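In case you want the letters, here they are:
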Amino acid sequence: MDLSYTQEEEEFRAQLRRWLGDVLPSLPPRPSPADWPGRRAYDMGWQRRLYDAGYADVHWDASPTLRLIFLEETEKAGAPYVGAGFVGLLHAGPTIAAEGTDEQRARWLPPILRGDEVWCQGFSEPDAGSDLAALRTRAWRDGDDYVVNGSKIWTSHAEVADWCELLVRTDPAAPKHRGISWLAMPMDAPGITVRPLRTLAGSAEFAEVFLDEVRVPVGNRVGAENDGWRVTMVTLSFERGTAFVGEVVACRRVLRELAAAARKNGRWDDPVLRRRLGALNAEFRALWRLTQWNVSEAEARGGVPGVGGSVFKLRYSQVRQDLYDVAAEVLGEGALDLGAPWVVDRLSSLSYTIAAGTSQIQRNIVAERILGLPKGR
């Protein structure tokens, strides 16, 4: 395992820093969190700038190490996050790049890279809970199309998406992990109803999606029919292995800001709080090393992260929540003010032990696939 950077990688870092320093001051103000059309336009505008500068394909065409450097430097510089491009750039795009045909890559990857098209994720279902493979959205062949009926929930960015990475059951008689297919569904197809869901923080980043006789071309299937669970594991390896890297950098910055705020308002005098801040510093340093380890492993695996991403996701989810619990202590009464720093982020952090696979599911993956323990009955 090599955690050092080559001269070429350091040159990439230096070039990226210079470009960020030149372009960031010229960006327009960020839109309101409630203005999703505005947020889409802002996020896709940023993606177009990356595309024009030659950085757009870093999420799947560059090495995992260059991807790590890109995420680290853009977060440190305060660059816009991928936002509405999250699913396309960090989930669907890398999956299509790894598993799609030449025609599929040519059709879907360039618009994602240019910021022309937004994707949403249609995985979770109301009756499946944490058991993703228990999905019941059904698709059957009718000539050159699949006809899809069912519903999805927690569908990220569905209200502004052009495409959906959709899991469907194509063989209800097969064992539940073997009868699934991965489809790219156009969100303007007849029969789709989107109902936004409002979160605890007041935003609507997710939606329910209802599918009534929706026709999806068979040519939009990524991977073989009924092989969608394997393709999904590729998607989730990106989601859990690299998608949160920039957030680790952001959390380390928040930790420094919390320490400065505690010194300013007198809460630094509490030795228990200081110990918690110190422990969090150690946790995030360890998570960054784990990230580097996962990237080194991904380099050896041809660019696809391994199951070590589940170890990262499991620990990161809890440490992020711990960080914002400490933020509440530092803020005191201000922790109840949605306009105060870190308060909305604290509410958001509550979802992290559920999002991208619950902590219980991650523990099962670690136990079975890393430690070799038997599956529960």
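Numbering of residues begins from 1 in every chain and follows the order in which that chain's sequence is written. The predicted nature of this model means local features are confined to residues of pLDDT at least 70 and side-chain atom pairs, given and counted, to a pLDDT of 80 or more, with totals for whole chains, interfaces and linings taken over all residues. Only hydrogens and water are set aside; all other atoms, that is, all heavy atoms of the structure, feed into the side-chain values.

K.L.:
Is there a simple way to think about the overall build of the protein in this case?
P.N.:
Each helix corresponds to a stretch of at least 4 residues labelled H or I by DSSP, and each strand to a stretch of at least 2 residues labelled E; elements are numbered beginning at the N terminus. Each helix and strand counted, the protein has eleven helices and eight strands in total. Only protein chains enter the accessibility calculation, which uses a 1.4 Å probe. A residue is then buried if its area is under 20% of the maximum for its type, exposed if over 50%, and partly exposed in between. Expressed as a percentage of its 377 residues, the buried residues of the protein come to 52%. We call two residues in contact when some of their heavy atoms are within 4.5 Å. The contacts of the protein with a sequence gap of at least 6 include a subset with a gap of at least 24, amounting to 73%. When the accessible surface of the protein is summed, it comes to about 17,400 Å², and 51% of that surface belongs to carbon and sulfur atoms. Shrake-Rupley sampling with a 1.4 Å probe provides the accessible areas, and residues are treated as covered by the protein chains on show and by no other component.

K.L.:
I tried to follow the pattern of salt bridges on my own but got confused; where do I start?
P.N.:
A side chain with one charge may pair with a side chain of the opposite charge, provided their charged atoms come close. Any Lys or Arg side-chain nitrogen found within 4 Å of a carboxyl oxygen on Asp or Glu counts as a salt bridge. Taken as a whole, this structure holds 21 salt bridges when the rule is applied. The shortest N-O distance in the salt bridge between Asp-116 and Arg-114 comes to 2.6 Å. Of the residues examined, Arg-114 reaches a relative accessible area of 26% and is grouped as partly exposed. Among the charged side chains, a network of salt bridges with common partners joins Glu-10, Arg-13, Arg-17, Glu-72, Glu-73 and Lys-76.

K.L.:
Please clarify how the nonpolar core should be interpreted in this entry.
P.N.:
Looking at soluble globular proteins, one finds that nonpolar side chains tend to be buried together. By nonpolar core is meant a set of buried Ala, Val, Leu, Ile, Met, Phe, Trp, Tyr and Cys residues that side-chain atoms within 4.5 Å join together. Ranked by internal contacts, the top residues of the largest apolar core, which has 27 residues, are Ile-96, Trp-108, Trp-119, Leu-167 and Trp-182. Among the elements of the structure, helix 4 (86-99), helix 5 (102-114), strand 4 (163-169), strand 5 (180-186) and helix 6 (228-241) are those that each provide at least two residues to this core. The biggest single contributor to this core is helix 4, with six residues. Non-local contacts of Trp-108, meaning those with residues more than four positions away in its chain, are made with Ile-96, Glu-117, Trp-119, Trp-163, Ala-184, Gly-219, Asn-220 and Val-222. Listed in part, the 25 residues of the second largest apolar core include Ala-139, Ile-192, Ala-207 and Val-214.

K.L.:
How do you make sense of the pairing of strand 7 (residues 206-217) when you look at a structure like this?
P.N.:
For a regular strand, side chains alternate in direction, first toward one face of the sheet and then toward the other. In the sheet, strand 3 (residues 145-152) pairs with strand 7 via seven bridges, with the strands oriented antiparallel. Note on strand 7: the bridge partner recorded for Ser-151 is Phe-210. Here, strands pair whenever DSSP counts at least two bridges between them. As paired strands, strand 6 (residues 192-197) and strand 7 are joined by six bridges and run antiparallel to one another. Residue pairing in the sheet places Pro-196 in a bridge with Ala-207 of strand 7.

K.L.:
Can you walk me through unusual backbone geometry in this structure?
P.N.:
Excluding glycine, most residues fall at negative phi; most peptide bonds, likewise, are trans. Of note in this structure, His-157 is not a glycine but carries a positive phi near 65°. The class for His-157 is buried, based on a relative accessible area of 9%. A positive phi angle is found at Glu-213, which is not glycine, with a value near 55°. Along the chain, the position of Glu-213 falls in strand 7. Relative accessible area serves as the criterion here: at 44%, Glu-213 is assigned to the partly exposed category.

K.L.:
Mind showing me how you'd approach helix 5 here?
P.N.:
Residues lying three or four places apart along an α-helix face the same way, a consequence of the helix completing one turn every 3.6 residues. Given the number of residues in a helix, its expected span is that number minus one, multiplied by 1.5 Å. If you check helix 5, its first and last C-alpha atoms are 18 Å apart, about what 13 residues at 1.5 Å a residue would give, namely 18 Å. Every buried residue of helix 5 is listed here: Gln-104, Trp-108, Leu-109, Pro-111, Ile-112 and Leu-113. Against helix 2 (36-53), helix 4, strand 1 (119-122), strand 4, strand 5 and strand 8 (221-222) lie the buried residues of helix 5.

K.L.:
Explanation requested: the packing of aromatic side chains in the structure shown.
P.N.:
What describes a pair of aromatic rings is the distance from one ring centre to the other and the angle between the planes of the rings. Stacked, tilted and edge-to-face are the three classes assigned to paired rings of Phe, Tyr and Trp, where Trp is represented by its six-membered ring and a pair needs centres within 6.5 Å; plane angles under 30 degrees give stacked, over 60 edge-to-face, the rest tilted. All chains considered together, the criterion is met by nine aromatic pairs. Ring centres 6.5 Å apart and planes at 35° place the aromatic pair Tyr-55 and Phe-70 in the tilted group. Here Tyr-55, found in the loop between helix 2 and helix 3 (64-76), pairs with Phe-70, found in helix 3; they are 15 residues apart in sequence, far enough to count as distant. Here Phe-70 falls in the buried class, since its relative accessible area comes to 4%. Summarising the aromatic geometry, the rings of Trp-108 and Trp-119 are spaced 6.0 Å apart at their centres and angled 85° between planes, so their arrangement reads as edge-to-face. With Trp-108 in helix 5 and Trp-119 in strand 1, the pair connects residues that are eleven residues apart, well separated along the chain. Both a distance and an angle decide whether a charge sits over a ring: NZ of Lys or CZ of Arg must be within 6 Å of the ring centre and within 35 degrees of the ring normal. Over the face of the ring belonging to Tyr-146 we find Arg-141, whose NZ or CZ atom lies 5.7 Å from the ring centre.

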